[in-house]
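One letter stands for each residue in the lines below.
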Amino acid sequence: MVTIESLEARRALAETGDLAALLARLAERAEPLIERLPPLPDLKATMSVSGGVHPETGEQLEFDPYRPNEHRAFGSGRVATGERHYAHWARAQHLWVAERAAHLATVAAFTDDERAADRARELLAFYFDRYHAFPNRDNVLGPSHLFFSTYLESIWILNYLAAAFILREKGWLSEEEIEAVGSIADEAAQLIGEFDEGTSNRQVWNSAALVAIAAWFGDEDLAQSAIAGRTGILGHLTDGFGDDGMWAEGENYHLFAVRGLLTGLFWAQVLGADLLEDPRLRGQLGRALMAPVATALPDFTFPARKDSRFGVSLAHPAYLECWEMGLALLGEDAPEELPAWIATLYRLPHSPALTYDAYLHDAGEPARAGTGRADLSWWMLWGMAPALPEAPDALESGSALLQQQGVAVLRRGSRYLGLECGRFAGGHDHPDRLHLTLHADGVHWLADPGTGSYVTRDLFWYRSTLAHNAPFLDGVSQPPGDARCASFEDKGDWGWIAAEYGSLRRTVVSGPTWVLDLVDLEGTAERNLWLPWHLSGDTTIETPGQWEPIEWQHEFVRSPERLVVAKGTDVVITATQGNRTLRLHLVGGEVVRAKAPGRPGEAERLFYLVRARGANARLAVVLDLKGTVQEVRVGTDRVVVVEPAGATTIRLASGAITIESPGGGTTLGGSVSTTPPAKRLMAERPLRAEGHVIQIDAAPALDGTLDGFDTSAPLEMGDEGHYLRSEEPYQDPGQFSATAYVNSDLQHLYLAVVVTKPDFLVRGADAPPLDLDNEQDDIHSDGIQVYYRTSTGEARAYLIRPTETGGVIARSIPGSATKLVELTGASERTDDGYVVTVALPCDGLSPAPDRSTLAFDVCINEMREDRVRRAGQLAWGGGGGWIYLRGDRRADTSWGLLSLA
């Protein structure tokens, strides 16, 4: 990581400014590690539903690096024990141990304290044999020995090699130890190098790890690939961040990617590759550093957009270090607002410690009131400037449109109004186009809830439109699609945003004391327009009326009721938090209330829903922040808001609004003509598998044999191009391959799948729950998954598992329109595998030219002995590659196409 010359230069700097205090604090924090060897995990980490969660209270368990077997719950302090909790703890402990090795090596290098060097060597040596012995299996996101995901292996090896690199440069590693570290680095390079995730925040860390491994070995070819390759550090810096500076997956993953990128840039400099010599790349990094400033909430948390965690402070030390390192790397070319931003964050209270994979420096440390530069990690001693440049008292962010990211923000004093109006960004995105966020007077009135946990059932709530303040149609979450900002302007006391998503348009007007929100549906067929309101605080209905129970079957919704009021009566909802009040004046639609999960970490709470029906419908709401609104009148081309001081009229026109208020008039335009194209590192898949569905007159036997099936159009799956793996590549069609046949009588699809797999392994009916994550247990069993959509119908998807007695068990796959799970079918063991035959409902298929094709895919899961998770799956749609979490929800972009023959 350093040369002796660069070390001596940093040692001289460390005697000055804040670096001296940082070194002293790092040495102090190293003493307990020197005095006592911390607990070292003796198993591979496991991702599970139950691990890390108190079994009785449901609270998250605190990570304490010194307590491997007793895990205290946040809040209640109750203790949980057990193997799953230990395996959950091991994930963080492996990472923490590698961090501490780098911490100790740094202290040793700067102070010549050989006690610290010896302890660092001892932590490295713990993994010399064990690293290879931990099994590379039961993974979720790529191969890994220590973890269940490759990106965690990458974070681990970055710290591990940093420690080894420093000790080697100081002459504190023997030849045998250097060889042992090299053996681990070589194995890690093989695992990480074969798992390329394209445009993913995780791939940034994978690339950074490969740069570090190249530095350890002095491998120029590996360095060239990891730095300048298509998905290397350079590729992510140039294409991973939009022109507005934001990572496509939102603020949470933006900050994670930025830290990985900075780590990679730092290691690249060790190799003599300074990417920031190019002024264009310096500018790109500067935009990436400042992008979270544009969307930061007034309480200096980032908005929990997409799969973000909720309520996370931007003053978390892991993020402070990003801005510190960015400032140091860019020097005079750093954005001029950056020092003020950093200084502003240091004035905030210390953010509660999080088990954050890329930063565990504070784990096990006592709480502190605030964070200063001396509280940061070992990495800052190698890169942070001795002192911050002088900066104004605070940085105040203004209104902004991040057009490529698709978020518009209007600011007015302490008020923050945000609208989601961007492109669908893939797996971490939510169906929340046109979601409204409001933070005002210190209260987060309308929030994006983000995502609580990937392994708990409420993930599906937070990934629904109903969990957001976003409109949707016919009671079904928004389908994946793009929104666009049509108009945006902030001028004087007034600002507005107009955005469109399909047939929906949302217009938000921000004034001095209130906000107008209009949601319009435009179409030719009658639809049901729904608009949820998730309000903070205690809510009451001011409007006289009566609540009546209604029928509403929804997994996460309880006690639904509708408000019955006199015809033509507008409804007023009041939300109160402390001494702050927000009043909603609702015009148009029927009001429903129900209970559902609150924000992540909160209990169940009330939310409201306004719904209307029509081909063209409008829902209007005035959010009254000062309690001055007396009346709201809504017309087709204008809205009148009456207050004691007089009436304000907002006239609506195409691309502009005119405001006439007692304080004067103004016109807002700000037309946004186009949305910049999304950046992509990897090309779209160029080919789609094609085959035939054979029309037959009579149903086959469906008895686990091919009796009655027309087998003239086989769908073959027996090579690496059809195989998706979790660790090992495809081996042998004699051990695992499949052929499918699809017939139809235009009412059903008849599917037969003949699988070659001598070791037939299925879950028993009485097998205990796996409690692994949000994938169904039956996915970790031999069996099939089938997906299809006709030209006129909804997508359907089934998970079908053969039984030991010749039957089949069918389950619907989340995210599809599948409701029926009682399918007619059977299975049968064969000498070298098994056969599944089943009838699937299918409407909309016919010989007519526009209805004779079927989007279709079938996958065959592969289970092996001595595994908890499946090893891989064959997919007729092909594509090769890897199995991901949510592996039963195969993207329709990967399906093939069947033509009726």
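Procedures and definitions
Residues numbered from 1 in each chain as written. Predicted model: local features only at pLDDT ≥ 70, side-chain atom pairs only at ≥ 80, totals over all residues. Heavy atoms only, no water. Helix = DSSP H or I, 4+ residues; strand = E, 2+ residues; numbered from the N terminus. Rg over C-alpha atoms; globule rule 2.2 N^0.38 Å. Buried < 20%, exposed > 50% of the residue type's maximum accessible area, 1.4 Å probe, protein only. Contact = heavy atoms within 4.5 Å. Areas by Shrake-Rupley, 256 points an atom, 1.4 Å probe, with all protein chains shown as cover. Lys, Arg positive; Asp, Glu negative; His and termini not counted. Charge placed at Lys NZ, Arg CZ, Asp CG, Glu CD. Pairing = 2+ DSSP bridges. Axes fitted to C-alpha atoms, helices over the stretch in contact; angles between N-to-C directions. Core = buried A, V, L, I, M, F, W, Y, C linked by side-chain atoms within 4.5 Å. Salt bridge = Lys/Arg side-chain N within 4 Å of Asp/Glu carboxyl O. Expected span 1.5 Å × (residues − 1). Polar contact = N/O pair within 3.5 Å; in protein donor to acceptor, adjacent residues only side chain to side chain.

### Some details on the overall build of the chain
So, point 1. If you tally the helices and strands in the chain, you get 16 helices and 39 strands.
So, point 2. Relative to the globule expectation of 29 Å for 901 residues, the C-alpha radius of gyration of the chain, 29 Å, shows essentially globular dimensions.
So, point 3. Considered along the principal axes of its C-alpha atoms, the chain spans approximately 85 × 80 × 50 Å.
So, point 4. With 901 residues in all, the chain has 58% of them scored as buried.
So, point 5. Sequence-distant contacts, at least 24 apart, represent 67% of the contacts inside the chain between residues at least 6 apart.
So, point 6. Split by element, the accessible area of the chain, about 34,300 Å² in all, is 48% carbon and sulfur.
So, point 7. Of the side chains in the chain, 80 bear a positive and 125 a negative charge, and the two mean positions are spaced by 6 Å.

### Digging into the sheet that holds strand β23 (residues 638-643)
So, point 1. Sheet architecture is open: five strands sit in the order β22-β23-β24-β25-β26, paired in antiparallel fashion. Each edge of the open sheet carries a strand with a single partner, namely β22 (631-634) and β26 (664-668). On average, adjacent strands in this sheet sit at an angle of 10° to one another, irrespective of strand direction.
So, point 2. Bridge count for strand β24 (residues 646-653) against strand β25 (residues 656-661) is five bridges, and the pairing is antiparallel.

### Notes on the environment of Glu 177
So, point 1. Mapped onto the secondary structure, Glu 177 falls in helix α7 (residues 175-193).
So, point 2. Glu 177 gets classed as buried once you look at its relative accessible area, which sits at 12%.
So, point 3. Sequence separation of Glu 177 and Ala 125 is 52 residues, and the distance between their C-alpha atoms is 7.6 Å.
So, point 4. If we ignore the near neighbours within four places in the chain, the residues touching Glu 177 are Arg 121, Phe 128 and Trp 172.

### Notes on the nonpolar core
So, point 1. Membership of the largest hydrophobic core comes to 142 residues, with the highest contact counts inside it found for Trp 156, Trp 323 and Trp 341.
So, point 2. Sorting elements by how many residues they give to this core places helix α3 (residues 83-111) first, with 16 residues.
So, point 3. Excluding its chain neighbours within four sequence positions, the residues that come into contact with Trp 341 are Val 293, Ala 296, Phe 300, Leu 314, Trp 323 and Leu 395.

### Comments concerning unusual backbone geometry
Glycine aside, the phi torsion of most residues is negative, and most peptide linkages are trans.
So, point 1. The phi torsion at Lys 306 lies on the positive side, around 60°, for a residue other than glycine.
So, point 2. As for its placement among the helices and strands, Lys 306 is situated in the loop between α12 (279-295) and α13 (317-330).
So, point 3. Using a relative accessible area of 1% as the deciding quantity, one classes Lys 306 as buried.
So, point 4. With a phi angle near 55°, Ser 559 is a residue other than glycine that sits in the positive phi range.

### Topic: the pattern of salt bridges
So, point 1. Within this structure, the stated rule accounts for 64 salt bridges.
So, point 2. With a shortest N-O distance of 4.0 Å, Asp 138 and Arg 867 are connected by a salt bridge. Of this pair, Asp 138 sits in the loop between α5 (127-133) and α6 (150-169) while Arg 867 sits in the loop between β37 (853-862) and β38 (872-875), and the two are 729 residues apart along the sequence.
So, point 3. Arg 282 serves as the salt-bridge partner of Asp 333, at 2.6 Å between the closest nitrogen and oxygen. With a gap of 51 residues between them, Asp 333 in the loop between α13 and α14 (338-346) and Arg 282 in helix α12 connect regions that are remote in the sequence.

### Quick notes on α6
So, point 1. With 20 residues, α6 should reach 28 Å at 1.5 Å per residue; the first-to-last C-alpha distance of 28 Å fits that figure.
So, point 2. Extensive coverage of α6 is indicated by the burial of 18 of its 20 residues.
So, point 3. Positive backbone phi, approximately 80°, marks Gly 171, located one or two places after α6.

### With respect to the side chain of Thr 295
So, point 1. By the secondary structure assignment, Thr 295 is in helix α12.
So, point 2. By relative accessible area, Thr 295 is classed as buried at 0%.
So, point 3. Within the structure, the side chain of Thr 295 is placed 2.6 Å from the side chain of Glu 251, a separation counted as a polar contact.
So, point 4. Residue contacts for Thr 295: discarding those within four places in its chain leaves Met 246, Glu 251, Pro 303, Leu 402, Val 407, Arg 411 and Tyr 416.

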